[in-house]
Amino acid sequence: MADSISRVPECGEDAKSVNVSPNFTEIIVIRHGETEWNADGRIQGHLDVELNDIGRQQAMAVAARLSKEPRISAIYSSDLKRAHETAEIIARSCGDLEVIKDPDLRERHLGDLQGISLREAAKTQPMAYKAFLSDRNDQVIPGGGESLDQLYQRSTSCLQRIAKKHTGKRIVVVSHGGTVRAFHRHASPHRRSKCKIWNTSVGILHLSHKDEWTVQLWADVSHLNKTEFLDSGFGGDKTSG
């Protein structure tokens, strides 16, 4: 197949030895590591919560994985701490690249639900909870929250913009559960992913200059076989959007 990486180099080989087709950008999409709010089932949205110790272990595990794979040319992340810290840990293992922060890679703004647990929401924020459960993609959440369509437009436009800057290269983007699901929705509009987006799960997308997206790998957590990770918790399942 023409649009593929020709071979996997040995660790430490020069980036020029890795050939990515000039017709697309390979983007490794990673969800941030675990936070205490993930563990508690508390809704984060745009609130700025840092990684917990398990989240840092997860980030080190995915960083070790990427350090053994073909060289990365650039690293982008959401500007929220949980994503940026994950990206910084990856960067230290992958050539000390500068992490480029972009607020358009943030999680969905969840309005009045931010800061409370989903199990509390039905009682304390019934209107926002009802809006959150709506099947309508254009349904915004009271309190300044976004609709799924707004999240989709913001995040996919950002990823396409990033891809156009790095055609023929391999880059990393660290983001959030809802945002990662929006990427999958764009790449496979007629096939909704049933996979949970675990903390530090890895997906690989090929983005062409014609705005054609293909999924090469999705929701892979093979690097976490020796590291704890949540099998539940807001952000990794369908509640991400």
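Worth saying up front: this structure is predicted, and the values here are computed from it rather than measured.

S.K.: An account of the overall build of the protein is requested, with residue identities and associated values reported.
M.R.: The number of helices and strands found in the protein is 7 helices and 6 strands. The helix and strand sequence of the protein, counted from the amino end, reads β-α-α-β-α-β-α-α-α-β-α-β-β. A total of 241 residues make up the protein; the buried ones form 52% of that total. In the protein, of all internal contacts separated by at least 6 residues, the share reaching a separation of at least 24 is 72%.

S.K.: An account of helix H2 (residues 53-67) is needed here, citing residue identities and associated values.
M.R.: End to end, H2 covers 21 Å across 15 residues, agreeing with the expected 21 Å (1.5 Å per residue, within 8%). Within H2 the residues assigned to the buried category are Gly55, Gln58, Ala59, Ala61, Val62, Ala63, Arg65 and Leu66. Its buried side turned inward, H2 meets strand E1 (24-31), helix H3 (81-93), strand E4 (170-175), strand E5 (202-208) and strand E6 (213-220). Among the residues of H2, the N-terminal cap falls to asparagine 52, whose side-chain oxygen and the backbone nitrogen of isoleucine 54 are separated by 3.2 Å.

S.K.: Go over the pairing of strand E2 (residues 74-77) with me, naming the residues and quoting the values.
M.R.: Of the two faces of E2, the one lined by Ala74 and Tyr76 and the one lined by Ile75 and Ser77 are each fully buried. In this sheet, E4 lies alongside E2 in parallel orientation, the contact comprising 4 bridges. Note that in E4 the partner of serine 77 across the bridge is valine 174. Two elements, E2 and strand E3 (residues 99-101), share 3 bridges in a ladder whose sense is parallel. In the sheet register, tyrosine 76 faces E3, and the bridge partner there is isoleucine 100. Tracing the backbone out of E2, into H3 and back to the parallel element E3 gives a crossover that is right-handed.

S.K.: Mind laying out the sheet that holds E3, listing which residues take part and the relevant values?
M.R.: Pairing is mixed in the open sheet, where 6 strands are placed in the order E3-E2-E4-E1-E5-E6. Each edge of the sheet is formed by a strand with only one pairing partner; in this case those strands are E3 and E6. In this sheet, adjacent strand axes meet at a mean angle of 25° when their direction is disregarded. Here E1 runs beside E5; their pairing, made up of 7 bridges, is antiparallel.

S.K.: Give a description of the pattern of salt bridges that names residues and reports values.
M.R.: In the structure shown here, the tally under the stated rule is 13 salt bridges. In this structure, arginine 56 and glutamate 50 form a salt bridge, with 3.9 Å as the shortest nitrogen-oxygen distance. Here arginine 56 falls in the partly exposed class, since its relative accessible area comes to 25%. Of the residues examined, glutamate 50 reaches a relative accessible area of 46% and is grouped as partly exposed. The closest approach of N and O atoms between glutamate 146 and arginine 154, which form a salt bridge, is 2.8 Å. In the salt-bridge network here, residues are joined through shared partners; they are Glu26, Arg65, Glu69, Arg170 and Asp220.

S.K.: Tell me about unusual backbone geometry, and name the residues and values.
M.R.: The phi dihedral of aspartate 211 is positive, around 65°, even though this residue is not glycine. Inspection of the secondary structure assignment puts aspartate 211 in the loop between E5 and E6. Residue classification places aspartate 211 among the partly exposed positions, given a relative accessible area of 38%. With phi around 55°, alanine 219 is a residue other than glycine that occupies positive phi space. Positionally, alanine 219 belongs in strand E6. For alanine 219, a relative accessible area of 14% translates into the label buried.

S.K.: Break down H3 for me, with residues and values.
M.R.: Over its 13 residues, H3 extends 19 Å from the first C-alpha to the last, a length consistent with the 18 Å expected when each residue adds 1.5 Å. Close packing links the buried residues of H3 with E1, H2, E2, E3 and E4. In the segment just after H3, glycine 95 is the residue with positive phi, at about 85°.

S.K.: If you had to explain the pairing of E1 to someone new, which residues and values would you point to?
M.R.: Put simply, side chains in a regular strand alternate between the two faces of the sheet. Most of E1 sits inside the fold, with 8 of its 8 residues counted as buried. Relative to E4, E1 is paired through 6 bridges, and the arrangement is parallel. Paired with isoleucine 28 across the strands is valine 172, a residue of E4.

Procedures and definitions
Residues numbered from 1 in each chain as written. Predicted model: local features only at pLDDT ≥ 70, side-chain atom pairs only at ≥ 80, totals over all residues. Heavy atoms only, no water. Helix = DSSP H or I, 4+ residues; strand = E, 2+ residues; numbered from the N terminus. Buried < 20%, exposed > 50% of the residue type's maximum accessible area, 1.4 Å probe, protein only. Contact = heavy atoms within 4.5 Å. Expected span 1.5 Å × (residues − 1). Polar contact = N/O pair within 3.5 Å; in protein donor to acceptor, adjacent residues only side chain to side chain. Pairing = 2+ DSSP bridges. Right-handed = clockwise from strand over helix to strand, strands pointing away. Axes fitted to C-alpha atoms, helices over the stretch in contact; angles between N-to-C directions. Salt bridge = Lys/Arg side-chain N within 4 Å of Asp/Glu carboxyl O.

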